[in-house]
Number of protein chains: 2
Amino acid sequence: MNLADCSSHSATARLLHFGSPGAIYLRRFVGSLHVGRCGSNPTHVKTLRLRSNPPKTLTVTAAMASEAELAASAKIIDGKMVAKEIRDEITTEVSRMKDAIGVVPGLAVMLIGERKDSATYVRNKKKACESVGINSFEVRLPEDSAETEVLKFISDFNDDPAVHGILVQLPLPKHMNEQNILNAVSIEKDVDGFHPLNIGRLAMRGREPSFVPCTPKGCIELLHRYGFQIKGKKAVVIGRSNIVGMPAALLLQREDATVTIVHSRTQNPEQIVKEADIVISAVGQPDMVRGTWLKPGAVVIDVGINPVEDATCPRGYRLVGDVCYEEARKVVSAITPVPGGVGPMTIAMLLSNTLTSAKRIHNFQ
Amino acid sequence: MNLADCSSHSATARLLHFGSPGAIYLRRFVGSLHVGRCGSNPTHVKTLRLRSNPPKTLTVTAAMASEAELAASAKIIDGKMVAKEIRDEITTEVSRMKDAIGVVPGLAVMLIGERKDSATYVRNKKKACESVGINSFEVRLPEDSAETEVLKFISDFNDDPAVHGILVQLPLPKHMNEQNILNAVSIEKDVDGFHPLNIGRLAMRGREPSFVPCTPKGCIELLHRYGFQIKGKKAVVIGRSNIVGMPAALLLQREDATVTIVHSRTQNPEQIVKEADIVISAVGQPDMVRGTWLKPGAVVIDVGINPVEDATCPRGYRLVGDVCYEEARKVVSAITPVPGGVGPMTIAMLLSNTLTSAKRIHNFQ
């Protein structure tokens, strides 16, 4: 690995800080930093035409790749670019709403305790709001706050007409009941989409959730914007967490895929993954999914963001996905990189959910 | 087919009348009566030891079957017998509760309109309640009732301490909004388990639904009582309805199976079903799943109850499942018959949910 690689991974580390509930979840799964690489070649990216309107063409960067290698490598699903596109669309809509009815969408973010990573996530969410013109409201409470105090703030935000989305940064201090606190957020302002009522509606045909959880929504949005067909396809979701795997499976199911969830108790996961046209992996195991696990031509969305030791990188580590990228890109037809794949989409979807909420509350089309 | 067969199917038709939401749903799926049989041999049943406590031995009926044929045929999962066992357990518990704290569980059933089948279902639910000592409360409203009137009754039942479960018989008259009405039932008394909050909790790890929908709960109960392992097994659910397929898949997932849902948009469903150790079918397509679709040794739970024309039967039709029973029993290790499989379990689970509700409300262990 050369320094250029490390630089890009260093950029990734910053992307990780655009923290999301998904990223928080993944942190719980990663073990100690590990050494070892599943592939040996540097990353290639090639031209890919998006099915957005108007179609856009990505920049080609194919340093160190021969034409033959390029032909054999997968399309890169550029989450960073799509997220930017979505944020631009949100900026336009926020402005249009403000001009038309004088309402600016507002997101309230609560941070309890002094975790540095959580503070960074909250700061980045605030920055992201500012960048698209959404108001942000921040409450910081000390680690030893009472649960009742947190609930009081949530109750106030529930009643506040300037607030259209409420997000409680996780994890909470240990003495607090996460379920109680998340359930206190009004279903109309649950922009995280984690309320069981939202999840129930997501699972049920003929029902519509108020909000779809941000990370899985970002995965599906990537498939949509790149024009990959979901209907009738075999999809495998690796991981069954409440905030990524399970809702991702429900979303794919809603789009008429034939969905299988692979998890820690699954026997021969590689055989099941091998049959999938679409793979969404969200387990937080670095390079777990090898090239041999993947069906030729499959589309891979890698939600994992896992630090692995790398002395050649300035920070001493680099970030990799759940899927061994170097092996996978030789087999599949398209794949999200880590970083720059799903990561940037999560916060874009949070902004999107906040805008949706404001539009719904004010009946603005 | 001889008359003896028809007699048993006639008995089945009565079982269908022990209607359940599942049965109602299935009625929507069945097309016109059709002619034709997937298999040719009469049904065999053989001895099967249950893993209940104490183990019980089923009666053997093997008329017209050679020893060799018997050896090649599947175990019969006797839902009728298990349902009776469960109802006996409920009777004991209801009596114990009454003696200890003077509380009798109560189920309120609402019937709106004059549908004969719905009236039969409601009557049978009432009878089932009586048979185990549960109080039943019945409200019948005319077809042209106002939605507000129905909502008023639901509200009263929600507040009534003698009522621990509320069931609104579906389908409702067309001018009523089913979603509004079902959502009005208190989550604490939603013994059908159809509330999206219940479904959300069912989908989420670490959450517990107040109630599990009766038909899928009955399917899993059969697997449990016969001692079939679910954890780590490949399970396929055919059908994705809100009241059977989808919650059945969520239940299997909670039990650590690797679950795939097959539906109308699935390509090559037979290939996917063929890999399953456990198959739950709930599509309402007579004899759709052929013997060739099934993995040798699989366990099959057939939720379908489909009428097919049969001039040799007194009623002119007989009932069959989604799975071609005659072919399947030569391939799989165990299978539910239709009738006498899942059908009797649904109403047993409704009684079980009502008892659970009363125990929870009165904090009775």
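Keep in mind that what you see is a predicted model, and the values were worked out from it rather than measured. (Residues numbered from 1 in each chain as written. Chains lettered and ligands numbered in written order. Predicted model: local features only at pLDDT ≥ 70, side-chain atom pairs only at ≥ 80, totals over all residues. Heavy atoms only, no water.)

### Description of the pattern of salt bridges
Residues and elements named next belong to chain A.
Moving on, step 1. All chains considered together, the criterion is met by 36 salt bridges over all chains.
Moving on, step 2. Across the pair Asp156 and Lys152 runs a salt bridge, and its minimum N-O distance is 3.0 Å. Taken together, the residues span about one helical turn, with Asp156 and Lys152 both in helix α6 (residues 147-159) at a distance of 4 residues.
Moving on, step 3. When the shortest N-O distance is used, the salt bridge between Glu221 and Arg225 registers 2.8 Å. Placement of the pair is Glu221 and Arg225 together in helix α9 (residues 214-225), with a separation of 4 residues, close to one helical turn. (Salt bridge = Lys/Arg side-chain N within 4 Å of Asp/Glu carboxyl O. Helix = DSSP H or I, 4+ residues; strand = E, 2+ residues; numbered from the N terminus.)

### Quick look at the sheet that holds strand β2 (residues 106-112) of chain B
All names here are of chain B.
Moving on, step 1. Ordered by their spatial adjacency, 3 strands build an open sheet running β3-β2-β4, and the pairing between neighbours is parallel. Both outer strands of the open sheet, β3 (135-141) and β4 (165-168), are each paired with one neighbouring strand and no more. Here the strands of the sheet are splayed against their neighbours by 15 degrees on average, with no regard to which way each runs.
Moving on, step 2. Here 4 bridges tie β2 to β4, and the two strands are oriented parallel to one another. Bridging across to β4, Met110 finds its partner in Val168. (Pairing = 2+ DSSP bridges. Axes fitted to C-alpha atoms, helices over the stretch in contact; angles between N-to-C directions.)

### Some points on the packing of helix α4 (residues 79-101) of chain B against helix α13 (residues 343-361) of chain B
All names here are of chain B.
Moving on, step 1. As a packed pair, α4 and α13 sit with axes 9 Å apart at the nearest point and diverge in direction by 20 degrees. Here α13 runs roughly parallel to α4, going by the angle between their axes. Two packed elements cross with a definite hand, and for α4 against α13 that hand is left-handed. Facing Gly79, Lys80, Val82, Ala83, Ile86, Arg87, Ile90, Glu93, Val94, Arg96 and Met97 of α4, the residues of α13 in contact are Pro344, Met345, Ile347, Ala348, Met349, Leu351, Ser352, Leu355, Ala358 and Lys359. (Parallel < 35°, antiparallel > 145°, perpendicular 65-115°, else oblique. Left-handed = near helix turned anticlockwise from the far one by under 90°. Contact = heavy atoms within 4.5 Å.)

### Quick look at the relation of the copies chain B and chain A
Moving on, step 1. Screw-axis analysis of chain B against chain A gives a translation of 0.0 Å along the axis, an RMSD of 0.0 Å, and a rotation angle of 180 degrees. The operation mapping one copy onto its partner corresponds to a two-fold rotation axis. When each C-alpha of chain B is compared by its distance to the rotation axis, Gly200 of chain B comes out closest, at 1.7 Å. (Least-squares fit on C-alpha atoms with pLDDT ≥ 70 in both.)

### Some details on the interface of chain B and chain A
Moving on, step 1. Contacts between the two partners involve 33 residues from chain B and, on the opposite side, 33 residues from chain A.
Moving on, step 2. For the pair chain B and chain A, the number of links is 4 salt bridges.
Moving on, step 3. Here Arg240 of chain B and Asp256 of chain A are joined by a salt bridge, their closest N and O atoms 2.8 Å apart.
Moving on, step 4. Joining chain B to chain A, the criterion identifies 15 residue pairs in polar contact (both at pLDDT 80 or more).
Moving on, step 5. Taken together, the elements giving at least two residues each to the side of chain B that touches chain A come down to α7 (178-184), α8 (196-203), α10 (245-254) and β6 (258-262) of chain B.
Moving on, step 6. Per-element accounting of the side of chain B that touches chain A gives the leading share, 6 residues, to α8 of chain B.
Moving on, step 7. Here the side of chain B that touches chain A is built from residues that sort into 11 nonpolar, 13 polar and 9 charged. (Polar contact = N/O pair within 3.5 Å; in protein donor to acceptor, adjacent residues only side chain to side chain. Nonpolar A, V, L, I, M, F, W, Y, C, P; charged D, E, K, R; others polar.)

### A word on the sheet that holds strand β2 (residues 106-112) of chain A
All names here are of chain A.
Moving on, step 1. Strand order in the open sheet formed by 3 strands is β3-β2-β4, and the pairing between neighbours is parallel. Either end of the sheet is taken by a strand with one partner, and the two such strands are β3 (135-141) and β4 (165-168). Recorded for the sheet is a direction-independent mean angle of 15 degrees between the axes of neighbouring strands.

### Here's the deal with α4 of chain B
All names here are of chain B.
Moving on, step 1. End to end, α4 covers 32 Å across 23 residues, agreeing with the expected 33 Å (1.5 Å per residue, within 8%).
Moving on, step 2. Within α4, burial applies to Gly79, Val82, Ala83, Glu85, Ile86, Arg87, Ile90, Glu93, Val94 and Met97.
Moving on, step 3. Tucked inside the fold, the buried residues of α4 contact α5 (116-132), α9 (214-225) and α13.
Moving on, step 4. By the N-cap criterion, in which a side-chain oxygen at the helix start approaches the backbone nitrogen of a residue two or three places on, α4 is capped by Asp78, the distance to Lys80 being 3.1 Å.
Moving on, step 5. Downstream of α4 by a residue or two, Gly102 has a phi angle that is positive, lying close to 70 degrees. (Expected span 1.5 Å × (residues − 1). Buried < 20%, exposed > 50% of the residue type's maximum accessible area, 1.4 Å probe, protein only.)

### Some remarks on the side chain of Gln169 of chain A
Residue and element names in this part refer to chain A.
Moving on, step 1. Note on placement: Gln169 falls in the loop between β4 and α7 (178-184).
Moving on, step 2. Given the relative accessible area of 1%, Gln169 is considered buried.
Moving on, step 3. Within polar-contact distance, the side chain of Gln169 engages the side chain of Lys125 at 2.8 Å.

### A closer look at the packing of aromatic side chains
All names here are of chain A.
Moving on, step 1. The full count for this structure, using the stated rule, is 2 aromatic pairs over all chains.
Moving on, step 2. With a centroid separation of 6.3 Å and an interplanar angle of 15 degrees, the aromatic rings of Tyr226 and Phe228 are classed as stacked. For the pair Tyr226 and Phe228, one class covers both residues: buried.
Moving on, step 3. Lying over the aromatic face of Phe211, Arg360 brings its terminal NZ or CZ to 4.8 Å of the ring centre. (Phe/Tyr/Trp six-rings, centres within 6.5 Å; stacked < 30°, edge-to-face > 60°. Lys NZ or Arg CZ within 6 Å of the ring centre and 35° of its normal.)

### Considering unusual backbone geometry
Moving on, step 1. The omega angle of the peptide bond from Leu170 of chain A to Pro171 of chain A is -5 degrees, so this bond is cis rather than trans.
Moving on, step 2. Along the chain, the position of Pro171 of chain A falls in the loop between β4 and α7.
Moving on, step 3. One non-glycine residue, Asp287 of chain A, lies in the positive phi region at around 55 degrees.
Moving on, step 4. Mapped onto the secondary structure, Asp287 of chain A falls in the loop between β7 (278-281) and β8 (299-302).
Moving on, step 5. Positive phi is not limited to glycine here, since Asp256 of chain B has a value of about 70 degrees.
Moving on, step 6. Looking at the secondary structure, you find Asp256 of chain B in the loop between α10 and β6.

### Overview of the nonpolar core
Moving on, step 1. Formed by 128 residues in total, the largest nonpolar core has its most connected members in Leu223, Leu252 and Ile280 of chain A together with Leu223, Leu252 and Ile280 of chain B.
Moving on, step 2. In this structure Ile280 of chain B touches Cys219, Ile220, Val236, Val237, Ile238, Ala248, Leu252, Ile301 and Val303 of chain B, once residues within four positions along its chain are discounted. (Core = buried A, V, L, I, M, F, W, Y, C linked by side-chain atoms within 4.5 Å.)

### Topic: the environment of Asp160 of chain A
Residue and element names in this part refer to chain A.
Moving on, step 1. As for its position among the elements, Asp160 is in the loop between α6 and β4.
Moving on, step 2. Among the residues examined, Asp160 registers a relative accessible area of 25% and is labelled partly exposed.
Moving on, step 3. Taking the C-alpha atoms as reference, Asp160 lies 9.9 Å from Gly106; in sequence the two are 54 residues apart.

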